[in-house]
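Listed below are the residues making up each chain.
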Amino acid sequence: IGYTQQAALPTRKIDASVGFINNDFVQFELAGVNVIALPITEGSAPPLVGASLFTTRSFVVEHPEIAKWVAEAMAKGIDATAADQSAAVETAAKYIPDMTEQAKKAAKATLGATLKIMLKDGKASKSLDPAQWQAMAVFLADAKVLSSIPDVSQVVGDTWHE
């Protein structure tokens with residue numbers, strides 16, 4: 001169905017849709033469509049790692065202070081966004097031509113839902129958790145998304161931790 005689930009589900013062209021809890025689910029709710037989110041795993045949420053900052057190991061080794069500074073700056077920006085979500089949406093609107101009030105409302109709702117799953121104890125993290133990456137690798141292999149469990153130590157750095 002491509003990106004037509006917003007029209008296809010309420011008109012019963014489909015019975016269900018796969019989407020993101022922090023965007024698709026929010027957009028259905030904003031449109032007044034009464035939807036139910038069904039978990040894809042039993043128990044807690046799947047151990048999926050969210051958006052991360054990536055670079056090469058050689059860059060981190062050669063420029064550890066720059067890498068640490070960028071991670072800290074990103075965390076501060078995320079924390080500032082969480083602290084004043086309305087200001088964050090208004091700032092974004094300055095760079096999005098013709099952003100309507102309805103689009104701002106949707107952006108704020110999506111941002112709020114995203115922050116719920118993005119923050120750890122109410123704050124942005126500046127470090128990676130190798131155990132979470134390993135749990136994700138096992139989950140993806142069990143789900144047959146990956147053909148084998150990769151060695152995450154080859155891609156997750158341990159240069160610094162909070």
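Residues numbered from 1 in each chain as written. Predicted model: local features only at pLDDT ≥ 70, side-chain atom pairs only at ≥ 80, totals over all residues. Heavy atoms only, no water.

Enquirer: Help me understand the overall build of the protein chain, please; the structure alone is not making it clear to me.
Expert: When helices and strands are counted, the protein chain shows 7 helices and 0 strands. Helices and strands appear in the protein chain in the N-to-C order α-α-α-α-α-α-α. Going through the 162 residues of the protein chain one by one, you find that 23% of them count as buried. Long-range pairs, those at least 24 residues apart, make up 57% of the contacts in the protein chain with a sequence separation of at least 6. (Helix = DSSP H or I, 4+ residues; strand = E, 2+ residues; numbered from the N terminus. Buried < 20%, exposed > 50% of the residue type's maximum accessible area, 1.4 Å probe, protein only. Contact = heavy atoms within 4.5 Å.)

Enquirer: It is not clear to me how the nonpolar core should be interpreted in this structure. Could you clarify?
Expert: Side chains of a nonpolar character, in soluble globular proteins, are inclined to be buried together. Membership of the largest hydrophobic core is limited to 8 residues, which are Ala75, Val89, Ala93, Met99, Leu111, Leu115, Leu119 and Ala124. Of all the secondary-structure elements, those providing two or more residues to this core are helix H5 (85-93) and helix H6 (101-118). Leu111 has contacts with Thr81, Gln85, Ala88 and Val89, leaving out every residue within four places of it along the chain. (Core = buried A, V, L, I, M, F, W, Y, C linked by side-chain atoms within 4.5 Å.)

Enquirer: Would you mind going over the confidence of the model for the protein chain with me for this structure?
Expert: Caution is warranted with low-pLDDT regions, since their predicted coordinates should not be read in detail. The share of residues in the protein chain with pLDDT of 70 or more is 94%, and the mean pLDDT across the chain is 87. Mean pLDDT in the protein chain bottoms out at helix H1 (residues 5-8), which sits at 86, and peaks at H5, which reaches 97. (pLDDT = per-residue confidence, 0-100.)

Enquirer: Where do I start with the side chain of Gln5 in this structure?
Expert: Counting through the fold element by element, Gln5 comes out in helix H1. Look at Gln5 and you get buried, because its relative accessible area is 8%. Discounting residues that sit within four places of it in the chain, Gln5 has contacts with Pro10, Ile14, Ser17, Val18, Asp24 and Phe28.

Enquirer: I keep staring at the packing of helix H4 (residues 64-83) against H6 and nothing clicks. Help me out?
Expert: The geometry of a pair of packed helices is captured by two quantities: the angle between their axes and the separation between those axes. Relative to each other, H4 and H6 sit at 130 degrees, their axes nearing to 11 Å. Classified by the angle between their axes, H4 and H6 sit oblique to one another. Between H4 and H6 the crossing geometry is left-handed. For the pair formed by H4 and H6, the contact residues are Ile78, Thr81 and Ala82 on the first element and Leu111, Leu115 and Met118 on the second. In terms of residue class, the contact of H4 with H6 is made up of 5 nonpolar, 1 polar and no charged. (Axes fitted to C-alpha atoms, helices over the stretch in contact; angles between N-to-C directions. Parallel < 35°, antiparallel > 145°, perpendicular 65-115°, else oblique. Left-handed = near helix turned anticlockwise from the far one by under 90°. Nonpolar A, V, L, I, M, F, W, Y, C, P; charged D, E, K, R; others polar.)

Enquirer: How should the environment of Leu115 be read in this particular structure?
Expert: Mapped onto the secondary structure, Leu115 falls in helix H6. When the C-alpha positions of Leu115 and Val138 are compared, they lie 25 Å apart, and in sequence the two are 23 residues distant. Not counting the four nearest positions on each side in its chain, Leu115 is found in contact with Ile78, Thr81, Ala82 and Gln85.

Enquirer: Would you explain the packing of H5 against H6 in this entry?
Expert: In contact at an axis separation of 10 Å, H5 and H6 are set at 125 degrees when each is read in the N-to-C sense. Of the possible angle classes, the one that applies to H5 and H6 is oblique. The chirality of how H5 crosses H6 is right-handed. On H6, the residues touching Gln85, Ser86, Ala88, Val89, Glu90 and Ala93 of H5 are Lys104, Ala107, Lys108, Leu111, Gly112 and Leu115. Here the contact of H5 with H6 is composed, by residue class, of 6 nonpolar, 3 polar and 3 charged.

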